[in-house]
Amino acid sequence: MDCLLGMKFIALCLVLISFSCFGQEEIDSVAVSKRNRSQKKTERANRRIARKLEKKDTSDIISQPLRLEIPVEDWDDEFEVVKGYEEALLIIQNTNEIEKGGVVWKFHLVNKDLVQDWSVEEKIPSSDELIGYDYNAGFFFLLFENERKYLEYNLVVIDLEGKQTMNQKFTLPFEVEMKYLEALDKGILLVGNHNFRPIAMIYEIESRKPIVLPGFYNRNEKVFDLVMDDYNHAFSIVLKERMRNGKYTNRIKSFTFSGLLIQESIINPGEIFNLVDGKTTNLGNGVQYMAGTYSMKSSLFTRGIYVSKFVNGTQRFLKNYNYADLSNFFAYRGERVEARIQRRIGKKKEKGKMPKFDYRLYVHDIVQKGDVNILIAEAYIAKYGGSSSGFSTSPSGFNSNPYSGMPGQRVFVGYKFTHAVVMAFGSRGELLWDNSFKTNDITSFNLEESVAVNVQDDRAVIMYLDDNLIKSKVVEEGKVVEGKTYNPVKLLYSGDELSGRNSKTNGIESWYDNYLYSYGIRRIENKEFSKSYELRKRRVFYLNKIQFDSAPAEINSLRISRNK
């Protein structure tokens, strides 16, 4: 009996061992399968990157003639670029280096040849945070908010020679959530909200007093846009206003630089339309254009674009263009999909119906070129992730994530931009041409301009920065001169290679004439500089000058700053 029990025990052990081995083989097989899937995923990603890199310098019109590099440390991430007089740029750098007297800030003035005219340092109290900046009449204005002392601000003014001409502290009578800051002849204009109501004031430097502008602080209004007219020393504030029927329209209040109200206009959209947003042109001979998007209900999802004209405050016309009325609005979808959409539109119109398309558009300022007005808008989708754990990592600041991330709620993860729309209209609001540009590589936490548009004569170039690629499209009177092209951001030396992830500090902006500039922070390696560690491995803030023209590009000339 004992022998029989022993044999059964041995058999059971063998079975268990075989199962154990089988289980381990299964585990090993699963692990190998996961590694293979991960490896294949990596290979696919590498192939996508390779395909991107193959699409280099595909433009015959766009070039990058100049580059400037400023060496920065690992903790240097706070940079701003301010357009100054004519073609100059001011680079603002917060080094986060604390010395006696405060935090070291560096200011670099760069001319159109990307040569630094000067670099200066200023010590700013560690409690001060930069909240706004502007340029006017030979001076750069920088406004800091004291995070420790309630309602205290510090206005720093630097002239074109790099000298700090003013460091003036002042207080405001009440808290203002700043939305816009602009430099005027005798002070600065501050526009924002107080207790969720619009407010505008001029801080006079000489008297050190804030002057609150009349006609604001209405609960049914909110600030939507500010347009400066430096030539006529005037500005216009656009307000979104709730009407009695529950829908919205836009009101425009225009002031002189001294704060005198000179004109007030309100769009009459009728009983059907709801105006979602709006941008206005500068004042000129009493003529103003307002353009933006409209919906049929009080909704952020829009049906089309409207154009309105005012002469001395009187509305002359309001024209609406359904997205189905535009010739190239759906061109970003590709020829096959666009053709299918156009067939659907044609069938709807044959039945006397208007097709319905719902989009969310972020509208840029209107660009005026003679009698032609050009409106640029970016279509976007608000994206959400899974339910929150109750902790919020939403960014602070203007136009940021409004959701707190309560447990069980979906979490806002950013705005995904799908395409840009360019529309040109004439002095009577007639549609001259339109085009679109696919931009589905852009996702941002903030609702802000990500596409740069530069217009010269009848030619417009549309650009955006995708990691280290400049993607562009050139149109002329609505016709595509050059389709979507890819140009890697040009590096400084032969043998330079990007290292590490792209910094969040990057962008592309229109500059002057037919020039734009890109900027950002990147790590760069160059094995050819084996004897120079400074050049072999470096972290830099860069500026690249971008030119678009059918004429030959400038002679390539690259510069590096040794200024630390």
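Just so we're clear, the structure is a prediction, and the values are computed from it rather than from any experiment.

Observations regarding the sheet that holds strand β10 (residues 177-183)
Note: strands within a sheet are paired through backbone hydrogen bonds, in either parallel or antiparallel orientation.
Logical step 1: Strand order across the open sheet formed by four strands is β10-β11-β12-β13, with antiparallel pairing between neighbours. Taken across any chain shown, the strands that pair with only one partner, and hence form the sheet edges, are β10 and β13 (209-212). Along the sheet, successive strands turn relative to each other by an average axial angle of 25 degrees, direction set aside.
Logical step 2: By the bridge criterion, four bridges tie strand β12 (residues 197-204) to β13 in an arrangement that is antiparallel. Bridge pairing links isoleucine 202 to isoleucine 211 in β13.

Thoughts on the side chain of threonine 485
Logical step 1: Mapped onto the elements, threonine 485 comes out in strand β31 (residues 479-488).
Logical step 2: By relative accessible area, which is 4% here, threonine 485 ends up buried.
Logical step 3: Sequence-distant contacts of threonine 485, defined by excluding residues within four places in its chain, comprise Thr58, Ser59, Ile62, Ile470, Lys471 and Ser472.

Quick notes on the sheet that holds strand β3 (residues 89-99)
Logical step 1: An order of β2-β3-β4-β5 is seen for the four strands of this open sheet, with the pairing classed as antiparallel. Both outer strands of the open sheet, β2 (78-83) and β5 (116-124), are each paired with one neighbouring strand and no more. Direction aside, the axes of adjacent strands within the sheet are offset by 20 degrees on average.
Logical step 2: As defined by bridge partners, strand β4 (residues 102-110) adjoins β5 across eight bridges and the pair is classed as antiparallel. Residue valine 104 lies in a different strand from β5, and its bridge partner there is lysine 123.

Parameters and conventions
- Residues numbered from 1 in each chain as written.
- Predicted model: local features only at pLDDT ≥ 70, side-chain atom pairs only at ≥ 80, totals over all residues.
- Heavy atoms only, no water.
- Pairing = 2+ DSSP bridges.
- Helix = DSSP H or I, 4+ residues; strand = E, 2+ residues; numbered from the N terminus.
- Axes fitted to C-alpha atoms, helices over the stretch in contact; angles between N-to-C directions.
- Buried < 20%, exposed > 50% of the residue type's maximum accessible area, 1.4 Å probe, protein only.
- Contact = heavy atoms within 4.5 Å.

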